Amino acid sequence: MNRVKIKICGLTRAEDVQAAVNTGADAIGFVFTASPRRVSIEKAIELCAYVPGGVLRVGLFLDQDRSEIEQVTASVPLDILQFHGSETAQECNFFRLPWLKAVAMENAGSVKQAERDFPGAAGLLLDSHSKGTRGGSGKLFDWSLSRPVEKPVWLAGGLNAENVGRAIHIVRPYAVDVSSGVESEPGIKDPARMKAFVKAVRQAENQ
C-alpha cells in the first residue's frame, strides 16, 4: 500500500506546529475562517516559520471574499488552499495555487458530483455532512460512500488514533486529515494524541 499522507489541521501555537512536524505530519493546516482554531495573518506567518520544506502549508477558507483570501495568500507562504463553502470552481481557480474542495458526504452521489463540478481540484477532501453547517464537523460518515473516485482523496471527519486504521483500509485515501481527534481542547493539540495518530496510520499501511 502507498504511503498515506497525514495532515494535521487547525494549529494555533508554535509548539503544536513543531510537535506535529516532529511527529511526522506531511501537511499543516491553518484556519482562516470563523472557528475556535482561526489564526490571523500575522499568527500564520509566525507559525509557517516552523514548517520545514517538504511539509505542505494549507490554508482553509469558507465562503470568504476574494479580497480577504488574496490578503492571506499575498502574505502567508501557503502551498495549497482548502475550500469548505459554496465556492465555485472558477472562484477556487482564481488564486493560482493548488486547491482542495471539501465535499459534505451526504450520499453516494456526493463525491461524483464534486468530481464533475470541480475538475481543477488537486484533490477532494471528504467530510461528514451536517445540515445547516459547513466546515469540519468532527463527525464520522459512512466511508463506503467514498468510492469510486478518480481524484486524490483527503479523508476527514471524526478521525482519531482508534478509527483511522479502519478508515484507511476501507477508503484507501491519498491523505488523512485530523483536527479535533488530536486535541486536548479546540485549537490546542495534544502531542501524545498526535503521535498515536501517526503511529496508527503507519501501522495501517503495513497491513
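Note that the structure is predicted; figures quoted are calculated from it, not measured.

## Re the overall build of the protein chain
Here is step 1: When helices and strands are tallied, the protein chain shows 7 helices and 10 strands.
Here is step 2: In terms of overall size, the protein chain behaves like a compact globule, its C-alpha atoms giving a radius of gyration of 16 Å where 207 residues would be expected to give roughly 17 Å.
Here is step 3: If one aligns the C-alpha atoms of the protein chain with their principal axes, the spans along those axes are about 40 × 40 × 30 Å.
Here is step 4: Among the 207 residues that make up the protein chain, the fraction classed as buried is 53%.
Here is step 5: Taking all contacts inside the protein chain whose residues are at least 6 apart in sequence as the whole, residues at least 24 apart take part in 55%.
Here is step 6: Carbon and sulfur atoms provide 48% of the accessible area of the protein chain, an area that totals close to 9,500 Å².

## Some remarks on the sheet that holds strand β2 (residues 27-31)
Here is step 1: One closed barrel accounts for 8 strands, arranged β1-β2-β3-β4-β5-β6-β7-β8; its pairing is parallel. Between one strand axis and the next, the sheet turns through 25° on average, direction left out of account.
Here is step 2: Sheet topology note: the β2/strand β3 (residues 56-61) ladder contains 5 bridges and is parallel. For glycine 29, the partnering residue across the bridge sits in β3 and is valine 58.

## Overview of the confidence of the model for the protein chain
Here is step 1: Predicted confidence across the protein chain gives a mean pLDDT of 92, with 94% of residues reaching 70 or more.
Here is step 2: Here residues 131-135 is a poorly scored stretch, pLDDT under 50, and it has 9 contacts once near neighbours within four places are set aside; other chains count.

## Considering the packing of helix α1 (residues 14-23) against helix α7 (residues 191-205)
Here is step 1: For the pair α1 and α7, the least separation of the axes is 10 Å and the interaxial angle reads 25°. Between α1 and α7, the crossing angle belongs to the class labelled roughly parallel. As α1 runs across α7, the sense of the crossing is right-handed. The segment α1 lies against α7, with Asp16, Ala19, Ala20 and Thr23 engaging Met194, Lys195 and Val198.
Here is step 2: For the contact of α1 with α7, a count of residues per class yields 4 nonpolar, 1 polar and 2 charged.

## Observations regarding the pairing of β3
Remark: a regular strand shows side chains that alternate across the two faces of the sheet.
Here is step 1: Once the chain exits β2 it traverses helix α2 (residues 41-48) before rejoining the sheet at β3, and the crossover so formed is right-handed.
Here is step 2: Following the chain from β3 across helix α3 (residues 66-75) to the adjacent parallel strand β4 (residues 80-83), one finds a crossover that is right-handed.

## Here's the deal with the packing of helix α6 (residues 164-171) against α7
Here is step 1: Where α6 meets α7, the axes come as close as 8 Å, and the angle between the chain directions of the two elements is 35°. Crossing of α6 over α7 shows right-handed handedness. For the pair α6 and α7, the contacting residues are Val164, Gly165, Ile168 and His169 in the first and Phe197, Ala200, Val201 and Ala204 in the second.
Here is step 2: Across the contact of α6 with α7, the residue classes break down as 6 nonpolar, 2 polar and no charged.

## Side note on the nonpolar core
Here is step 1: Counting 58 residues, the largest nonpolar core has Phe30 and Val176 as its most contacted members.
Here is step 2: Of the residues forming this core, the biggest block, 6 residues, is contributed by α7.
Here is step 3: With residues near it in sequence (within four places) discarded, valine 176 still touches Val4, Lys5, Ile6, Lys7, Leu155, Leu159, Val164, Ile168, Phe197 and Val201.
Here is step 4: Within the second largest apolar cluster, 9 residues are counted, among which are Ala27, Val58, Ile80 and Ala175.

## Things to note about the packing of aromatic side chains
Aromatic ring pairs are reported here in terms of the distance separating the ring centres and the angle at which the planes meet.
Here is step 1: Applying the stated rule across the entire model yields 7 aromatic pairs.
Here is step 2: Taking the centre distance of 6.2 Å and the plane angle of 80° together, the rings of tryptophan 99 and phenylalanine 118 count as edge-to-face. Placement of tryptophan 99 in strand β5 (residues 99-105) and of phenylalanine 118 in the loop between α5 (110-117) and β6 (123-128) is noted, with a sequence separation of 19 residues between them. This pair shows no difference in class: tryptophan 99 is buried, exactly as phenylalanine 118 is.
Here is step 3: Taken together, the ring pairs in this structure connect Phe32, Phe61, Phe83, Phe94, Phe95, Trp99 and Phe118 into an aromatic cluster.
Here is step 4: Against the face of phenylalanine 94 rests arginine 66, its NZ or CZ located 3.6 Å from the ring centre.

The rules behind these values
- Residues numbered from 1 in each chain as written.
- Predicted model: local features only at pLDDT ≥ 70, side-chain atom pairs only at ≥ 80, totals over all residues.
- Heavy atoms only, no water.
- Helix = DSSP H or I, 4+ residues; strand = E, 2+ residues; numbered from the N terminus.
- Rg over C-alpha atoms; globule rule 2.2 N^0.38 Å.
- Buried < 20%, exposed > 50% of the residue type's maximum accessible area, 1.4 Å probe, protein only.
- Contact = heavy atoms within 4.5 Å.
- Areas by Shrake-Rupley, 256 points an atom, 1.4 Å probe, with all protein chains shown as cover.
- Pairing = 2+ DSSP bridges.
- Axes fitted to C-alpha atoms, helices over the stretch in contact; angles between N-to-C directions.
- pLDDT = per-residue confidence, 0-100.
- Parallel < 35°, antiparallel > 145°, perpendicular 65-115°, else oblique.
- Left-handed = near helix turned anticlockwise from the far one by under 90°.
- Nonpolar A, V, L, I, M, F, W, Y, C, P; charged D, E, K, R; others polar.
- Right-handed = clockwise from strand over helix to strand, strands pointing away.
- Core = buried A, V, L, I, M, F, W, Y, C linked by side-chain atoms within 4.5 Å.
- Phe/Tyr/Trp six-rings, centres within 6.5 Å; stacked < 30°, edge-to-face > 60°.
- Lys NZ or Arg CZ within 6 Å of the ring centre and 35° of its normal.

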